[in-house]
Amino acid sequence: MTAQFPAARPRRLRRTPAMRRMVTGVRLHPAELILPLFVKEGISEQQPVGSMPGVVQHTRDSLLKAVHEAAEAGVGSVMLFGVPEEKDAYGSAADDPEGITQVALREVTAEFGDALVVGADTCLDEVTDHGHCGVLAPDGTVDNDLTLERYASMAVAQARAGSQLISPSGMMDGQVRAIRRALDGAGFAEVPILAYSAKYASGFYGPFRDAVELPKNFGDRKAYQQDPAGPVGESLREVALDVAEGADMVMVKPAGAYLDVLHQVKAMVDVPVAAYQVSGEYAMIEAAAANGWIDRERAIMESLIAIRRAGADLILTYWATEVARRL
Ligand code: PBG
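Let me begin by describing the structure that accompanies this report. Note that the structure is a prediction, hence the values are computed from the model and not measured.

### Comments concerning the site of the ligand
- The immediate surroundings of the ligand are formed by 16 residues, with Asp125, Lys199, Arg221, Lys253 and Tyr318 found nearest.
- Here Arg221 contributes a side-chain N or O atom positioned 2.5 Å from an oxygen atom of the ligand.
- Residue Tyr318 places a side-chain N or O atom 2.6 Å away from an oxygen atom belonging to the ligand.
- Contact with the protein chains covers 99% of the free accessible surface of the ligand, which is 400 Å².
- At a threshold of 2 Å from the grid points, most atoms of the ligand map onto the largest cavity.

### Some remarks on helix α7 (residues 232-245)
- Taking 1.5 Å of rise per residue, the 14 residues of α7 would be expected to cover 20 Å, and the 20 Å separating its terminal C-alpha atoms lies within 8% of that figure.
- Taken residue by residue, α7 has Val232, Ser235, Leu236, Glu238, Val239, Asp242 and Glu245 as its buried positions.
- Where the residues of α7 are buried, they touch α5 (175-185), β7 (194-199), β8 (249-253) and α8 (259-268).
- Looking one or two residues beyond α7, the residue adopting positive phi is Gly246, at roughly 115°.

### Quick notes on the layout of surface pockets
- Put simply, the largest pocket is a space of about 430 Å³.
- Forming the walls of the largest pocket are 23 residues, and the residues nearest its centre are Leu37, Gly54, His58, Ala66 and Glu69.
- Counting only elements with at least two residues in the lining of the largest pocket, the list comes to β1 (33-40), β3 (56-58), α2 (60-73), α9 (279-290) and α11 (320-326).
- Taken together, the residues that form the lining of the largest pocket break down as 12 nonpolar, 5 polar and 6 charged.

### Here we look at the packing of aromatic side chains
- Summed over the entire model, instances satisfying the criterion amount to 9 aromatic pairs.
- Pairing Phe81 with Phe208 gives two aromatic rings, centres 5.4 Å apart and planes at 80°, and the pair type is edge-to-face. Taken together, the residues span a long stretch of sequence, with Phe81 in strand β4 (residues 77-83) and Phe208 in helix α6 (residues 206-211) at a distance of 127 residues. The same class applies to Phe81 and to Phe208, which are both buried.
- For Arg150, the ring lying beneath its charged end belongs to Tyr90, and the centroid distance is 4.0 Å.
- A cation sits over an aromatic face here: Lys253 above Tyr205, 4.8 Å from the ring centre.

What counts as what
- Residues numbered from 1 in each chain as written.
- Predicted model: local features only at pLDDT ≥ 70, side-chain atom pairs only at ≥ 80, totals over all residues.
- Heavy atoms only, no water.
- Near = heavy atom within 4 Å.
- Polar contact = N/O pair within 3.5 Å; in protein donor to acceptor, adjacent residues only side chain to side chain.
- Areas by Shrake-Rupley, 256 points an atom, 1.4 Å probe, with all protein chains shown as cover.
- 1 Å grid on protein atoms, 1.4 Å probe; cavity = no way out; pocket = protein on both sides within 12 Å on 5 of 7 lines; lining within 4 Å.
- Sits in = over half its atoms within 2 Å of the grid points.
- Helix = DSSP H or I, 4+ residues; strand = E, 2+ residues; numbered from the N terminus.
- Expected span 1.5 Å × (residues − 1).
- Buried < 20%, exposed > 50% of the residue type's maximum accessible area, 1.4 Å probe, protein only.
- Contact = heavy atoms within 4.5 Å.
- Points joined across faces, edges and corners; volume = space filled by probe spheres on them.
- Nonpolar A, V, L, I, M, F, W, Y, C, P; charged D, E, K, R; others polar.
- Phe/Tyr/Trp six-rings, centres within 6.5 Å; stacked < 30°, edge-to-face > 60°.
- Lys NZ or Arg CZ within 6 Å of the ring centre and 35° of its normal.

Next comes the structure, spelled out in structure tokens:
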């Protein structure tokens with residue numbers, strides 16, 4: 001007599017929508033989504049970002065409306081990127097109490113600070129005329145330690161303006177420690193840090209340059225962001241350093257092309273892990289969908305599910321409000 005093996009039939013669990021819904025492994029929740037928002041100083045009408053269809057540079061008023069919509073949809077957090085009218089080499093707008101990011105933080109937290117977490121990008125590239133994430137040394141390279149002083153001052157200015165989440169994204173060595181010290185010293189020990197820990201020098205940031213108006217001749221960030229071809233261990237080291245310096249959450253960025261990194265980071269740390277679906281990831285799907293080449297909603301959901309499945313606890317995405325409504 002031959003043994004009767006039960007036939008393996010994985011398709012049994014795929015047969016009906018109800019069966020598939022029951023066994024699905026990955027679910028998104030609106031509270032895990034973080035919406036990046038751009039706000040431009042001194043404009044009276046919101047400005048479309050050409051390379052990011054559907055994304056705009058907000059006025060202060062339209063920003064409030066966008067945050068309201070995000071809160072209504074249950075989005076977990078908004079991350080503000082302020083674009084000043086005047087930029088300079090030092091990034092003076094970064095820690096000016098009247099700088100656009102601080103003004104916007106005050107207005108948004110006053111209205112919505114209980115409904116969702118309000119934070120801002122803590123970096124200099126949006127406010128410097130050269131477009132680098134730090135202060136330049138005479139030889140044109142970014143001076144790490146002078147930049148740390150700027151970040152510390154910027155983080156305190158943001159916290160004073162009501163920021164509930166400080167997000168250093170400049171990839172300077174020691175930035176989390178410098179910011180943590182400054183926040184604690186200024187009475188903001190309760191304000192957490194979401195560190196952009198493993199951030200690659202990526203071509204997928206292209207459209208973001210339009211959104212924050214980087215100078216046309218801007219070079220690259222390869223002297224401070226990671227090499228896409230570098231070993232994953234380099235990311236693990238960056239993450240471990242940030243956690244040791246006091247990061248409350250860590251981030252991998254970009255998301256889609258770095259799912260392996262995300263997966264390994266998630267396995268290593270016990271703090272929440274975020275992933276940033278960046279401007280280029282957004283633009284690619286929007287452009288293909290606009291041409292009728294892919295099903296927009298399916299591609300958006302699939303891209304987010306993949307990021308979640310790889311290990312992200314939180315996802316920054318320009319589709320946060322739209323997706324939260326659909327969930
Ligand atoms: C740095 C910063 C960048 C992005 C977010 N924060 C640009 C960069 O690091 O080069 C890119 C986000 C995106 O492409 O959506 N302040």
